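Observations on the three-dimensional arrangement
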Amino acid sequence: MEYIQLGNSDLKVSKVCLGCMGFGDAQAGMHTWTLSEKDSRKMIQYALDQGINFFDTAMGYSQGTSEEYLGRAIKDYANRKDVVIATKFIPRTKEEIEQGITGQQHIENCLNASLKRLGMDYVDLYILHMWDYHTPIIDILEGLHNMIKQKKIRYIGISNCYAYQIAMANEIAKANGYEQFISVQGHYNLIFREEEREMKKYCDENNIAMTPYSALASGRLAKKPEEISKRLKEDSYAKGKYDATKVQDQKIIERVEKLSNEKKVTMSEISLAWLMNKVASPIIGATKIHHISDAVKAVDVKLTKEEIEYLEELYQPHSLVGVMAENK
């Protein structure tokens with residue numbers, strides 16, 4: 001395993017981040033394909049054995065049961081100081097706004113609930129899950145600053161935002177003596193490269209760590225056309241993100257398959273090696289052991305300049321999908 005410094009922080013993280021959206025009570029959340037606690041623990045323990053020390057979850061994953069599963073596994077299988085734990089909080093709800101709950105209060109409430117579910121005193125990285133259009137960013141930054149002062153958070157990040165939004169937020173933070181976002185968790189993979197328009201340039205120039213989700217396009221970049229999985233069949237949300245561009249994306253996926261055959265590695269390894277060449281530490285969602293082992297092997301897969309150009313050549317611009325299209 002390779003380890004990197006995460007942006008402008010002193011966090012040393014594995015080149016693979018284990019995403020925990022696939023862990024949690026399948027009856028509690030929006031996904032029917034999530035793993036039980038018993039199976040989730042096996043995945044987390046295997047990841048630790050492979051040298052992965054970076055774990056990403058969220059208060060919104062399976063109504064918090066993902067955080068519970070992760071927290072109990074880390075307590076049993078690792079030393080807290082040896083792992084980097086990231087979790088995410090959502091913007092204020094309409095009900096909270098009507099009740100007069102401030103942005104600062106919302107953050108403290110969400111964080112305390114996450115810490116309780118995780119069974120931890122602090123998180124290493126606390127991430128705003130999507131831009132909050134109903135709360136002044138200065139209130140969010142102040143709320144996060146207050147929690148850092150209480151030593152409940154080490155660093156802060158943001159997910160699902162535009163480049164101008166994180167740039168603006170970090171300038172406001174700097175002007176007010178607050179901590180800046182050190183990472184961005186966006187939608188980025190070989191068949192969805194819209195982050196390259198502005199976000200990647202901004203991050204590269206300012207040493208902001210990119211930790212993208214959907215690294216394998218919900219499995220599409222890991223499978224031949226005839227292959228199927230429980231998630232591919234049941235994940236209606238992912239279908240909403242990828243089905244509209246299936247024809248044009250398939251041409252790229254075919255090139256991934258061809259290159260994987262030539263290099264005698266899996267399609268996952270090719271797709272992840274490409275992404276690892278672009279970002280700090282991609283988030284790898286895993287519901288099977290081989291999902292983790294392929295990600296670990298991808299760290300050692302080196303692509304030539306010509307191979308990278310071959311994979312990128314057929315890309316066509318995409319409309320925004322998922323959270324970025326829905327959150328307004």
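Described below are features of the structure shown in this document. From a predicted model like this one, the values you see are computed outputs, not experimental measurements. (Residues numbered from 1 in each chain as written. Predicted model: local features only at pLDDT ≥ 70, side-chain atom pairs only at ≥ 80, totals over all residues. Heavy atoms only, no water.)

Structural notes on the environment of Leu 221
Inspection of the secondary structure puts Leu 221 in the loop between strand E9 (209-210) and helix H8 (230-234). When its relative accessible area of 0% is taken as the criterion, Leu 221 is described as buried. C-alpha separation for the pair Leu 221 and Ile 191, spaced 30 residues apart in sequence, amounts to 8.1 Å. When near neighbours in sequence (up to four residues on either side) are disregarded, Leu 221 contacts Asn 189, Leu 190, Ile 191, Ala 215, Leu 216, Ile 253, Val 256, Met 267, Ser 268 and Ser 271. (Helix = DSSP H or I, 4+ residues; strand = E, 2+ residues; numbered from the N terminus. Buried < 20%, exposed > 50% of the residue type's maximum accessible area, 1.4 Å probe, protein only. Contact = heavy atoms within 4.5 Å.)

Section: the pairing of strand E7 (residues 153-159)
For E7, a buried count of six out of seven residues is recorded, marking the element as mostly surrounded by other parts of the structure. Here five bridges tie strand E6 (residues 123-128) to E7, and the two strands are oriented parallel to one another. Each residue of the ladder has a partner; that of Val 123, found in E7, is Ile 153. A crossover links E6 with its parallel partner E7, the connecting element being helix H5 (residues 137-149), and its sense is right-handed. (Pairing = 2+ DSSP bridges. Right-handed = clockwise from strand over helix to strand, strands pointing away.)

Structural notes on the pairing of strand E5 (residues 84-89)
The element E5 is largely enclosed, with a buried count of six among its six residues. Here E5 shows a buried face lined by Val 84, Ala 86 and Lys 88 and a second buried face lined by Ile 85, Thr 87 and Phe 89. Note that strand E4 (residues 54-56) and E5 share three bridges and pair parallel. Directly across from Phe 54, in E5, lies its bridge partner Val 84. Once you follow E4 into helix H2 (residues 65-77) and on to E5, the crossover reads as right-handed.

A few points about unusual backbone geometry
Glycine aside, a negative phi is what most residues show, and trans is what most peptide bonds show. At Lys 151, a position not held by glycine, the phi torsion is positive, near 65°. Lys 151 sits in the exposed class, given a relative accessible area of 67%. In this structure, Ser 214 is a non-glycine residue whose phi angle is positive, near 55°. On the secondary structure map, Ser 214 appears in the loop between E9 and H8. You can call Ser 214 buried: its relative accessible area is 13%.

Here we look at the packing of helix H10 (residues 246-263) against helix H13 (residues 305-312)
Where H10 contacts H13, the two axes come as close as 9 Å, and the packing angle between them is 150°. As the angle between them shows, H10 and H13 are arranged roughly antiparallel. Across from Ile 252, Arg 255, Val 256, Lys 258, Leu 259 and Lys 263 in H10, the residues of H13 making contact are Glu 307, Tyr 310 and Leu 311. Counted by class, the contact of H10 with H13 contains five nonpolar, no polar and four charged residues. (Axes fitted to C-alpha atoms, helices over the stretch in contact; angles between N-to-C directions. Parallel < 35°, antiparallel > 145°, perpendicular 65-115°, else oblique. Nonpolar A, V, L, I, M, F, W, Y, C, P; charged D, E, K, R; others polar.)

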